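# Examining the three-dimensional arrangement
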Amino acid sequence: MAGQLASGGSLSSPGCAQHSKIHEDVKDYYGKRVKKTDDLVLNACVTPAKALTKHVQDALKDVHEEVNSRYYGCGLVVPECLENCRVLDLGSGSGRDCYMLSKLVGETGHVTGIDMTDEQIQLAKKFVDYHTQKFGFSKPNVDFLQGYIEKLGDVGLKDNSFDVIISNCVINLSPDKTAVLKEAYRVLKDGGEMYFSDIYADCELPESVRTHKVLWGECLGGALWWKEFFKIVEKVGFSAPRLISASKVPVVNKELQELTGDCKFVSATYRLFKVPAAVPREKSHVIYNGSITGCREKLEFDVNYTFNEGQTVTVDEETAAILKSSRFADEFTIQSLGKGSPSSGGCPPIESQGAAVDPFWLSEGGIPSCSTACSVQSKGCC
């Protein structure tokens, strides 16, 4: 790949010529070189994120076989509570995730996929009518746009227009990560969520990795140092990232191993929320009502909080604000404890559990001190 591709903060603002070159290389890689999943050199982009619920598995079974065969995602990204939502898929590829999501959101919901690769967009569009009929909908609830995830306005996506954004091993392929997250923040509604899997590095990558075309196409060359990702998120305005899952990404190809050296990689899933500034940040008692499809008995919100149906749980200020302002508000009974109130024996704030946001720590088998959210009644959990 021509030109120097910096990692960390400088990766977010290379020159226009570098942007164009990276985009063209990725288009070529996924449009011409990689025709099916088996053409990938590494397994970075086919690692599952976590176990799928039955209703998601059932939706996947209805996706056309040809669409499934061109799937290169690093881990299926399916947030909970999607009925009637407007969803945007950044880097939608062959459309597998979009079609699966179109069934989950239902006929009154809508899914938009955007991808810069013409071959992938054309493949996805072929099966709109097939899936509309398969799901028994009277009209399509999915569409596909060709464009760049750094410039969503160029394809007509307006401010505050989506409830949820997903992305599946795509942001690492962008030469401007900050622009991607800024655009995501712009098009999300207040209380909206970005739920996505991506590849992260445990360090700032050396130039030999950053400029290698195959490593970039295989999702490693453009991987952000995970701590730099947190800085960008804060700058853009999202709430602090909530870690969902993480798994090691081994570099099994010997030639590529020599290039990556001691650099390590993980596939990690995070969720980010656009929390309105006016929403009070107060510790609260919350009770999950068990009404979310596929999560009746418990909702695994992140590695810090798992909410069991009917159980009273003390949550920190940021978590309470997220639940109050997001699509999850109707799924919980929330009682504020007031600013500065003690946690009544519940889990300490997320910020005090630093290791619980480190994907490498989690991929090594780390367990947060409160891996299941503490109920008010529990003793000695934290």
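Our subject is the structure that appears above.
A brief report on the enclosed structure follows. Quick caveat, the model's predicted, so the values are computed rather than measured. (Residues numbered from 1 in each chain as written. Predicted model: local features only at pLDDT ≥ 70, side-chain atom pairs only at ≥ 80, totals over all residues. Heavy atoms only, no water.)

### Things to note about the overall build of the protein chain
Helix and strand counts for the protein chain come out as 14 helices and 13 strands. Buried residues in the protein chain amount to 59% of all 382 residues. The long-range fraction of contacts in the protein chain, counting pairs at least 24 apart against all pairs at least 6 apart in sequence, stands at 79%. Approximately 15,300 Å² of the protein chain is accessible, and the part contributed by carbon and sulfur atoms is 49%. (Helix = DSSP H or I, 4+ residues; strand = E, 2+ residues; numbered from the N terminus. Buried < 20%, exposed > 50% of the residue type's maximum accessible area, 1.4 Å probe, protein only. Contact = heavy atoms within 4.5 Å. Areas by Shrake-Rupley, 256 points an atom, 1.4 Å probe, with all protein chains shown as cover.)

### Quick look at the packing of helix H3 (residues 54-61) against helix H5 (residues 96-105)
Relative to each other, H3 and H5 sit at 120°, their axes nearing to 9 Å. Between H3 and H5, the angle falls in the class oblique. For the pair H3 and H5, the crossing hand works out as right-handed. In contact with His55, Val56, Asp58, Ala59 and Leu60 of H3, H5 contributes Arg96, Met100, Lys103 and Leu104. Here the contact of H3 with H5 is composed, by residue class, of five nonpolar, one polar and three charged. (Axes fitted to C-alpha atoms, helices over the stretch in contact; angles between N-to-C directions. Parallel < 35°, antiparallel > 145°, perpendicular 65-115°, else oblique. Left-handed = near helix turned anticlockwise from the far one by under 90°. Nonpolar A, V, L, I, M, F, W, Y, C, P; charged D, E, K, R; others polar.)

### With respect to the environment of Lys182
Secondary-structure assignment places Lys182 in helix H8 (residues 177-187). Overall, Lys182 belongs to the partly exposed group, its relative accessible area being 46%.

### What about helix H6 (residues 118-125)?
Within the sequence span of H6, burial applies to Gln120, Ile121, Leu123 and Ala124. Down the axis of H6, the sector holding all buried residues measures 160°, keeping them to one side. (Arc of directions from axis to C-beta.)

### Digging into the state of the cysteines
This model, assessed by the stated rule, comprises zero disulfides. Cys169 takes part in no disulfide bond, and the closest cysteine sulfur, belonging to Cys219, lies 3.1 Å away. The buried category is assigned to Cys169, whose relative accessible area is 4%. Residue Cys203 stays outside any disulfide, its sulfur separated by 3.6 Å from that of Cys263, the closest cysteine. (Disulfide = S-S within 2.5 Å.)

### With respect to the pattern of salt bridges
Enumeration over the complete set of coordinates arrives at 15 salt bridges. Residue Arg186 is joined to Asp159 by a salt bridge in which the shortest nitrogen-to-oxygen separation is 2.7 Å. Taken as a pair, Arg186 in helix H8 and Asp159 in the loop between strand S3 (142-146) and strand S4 (162-168) lie far apart in primary sequence, 27 residues in all. The shortest N-O distance in the salt bridge between Lys189 and Asp163 comes to 3.3 Å. With Lys189 in strand S5 (residues 188-201) and Asp163 in strand S4, the pair connects residues that are 26 residues apart, well separated along the chain. Members of the salt-bridge network, linked through shared partners, are Glu80, Glu193, Arg271 and Arg327. (Salt bridge = Lys/Arg side-chain N within 4 Å of Asp/Glu carboxyl O.)

### Quick word on the environment of Arg271
Position of Arg271 relative to the elements: it lies in strand S8 (residues 265-273). When the C-alpha atoms of Arg271 and Ile166 are compared, they prove to be 9.3 Å apart, with 105 residues separating the residues in sequence. Looking at Arg271, its side chain comes within polar contact range of the side chain of Glu80, at 2.9 Å. (Polar contact = N/O pair within 3.5 Å; in protein donor to acceptor, adjacent residues only side chain to side chain.)

Functional significance is not addressed by these values, which are geometric in nature.
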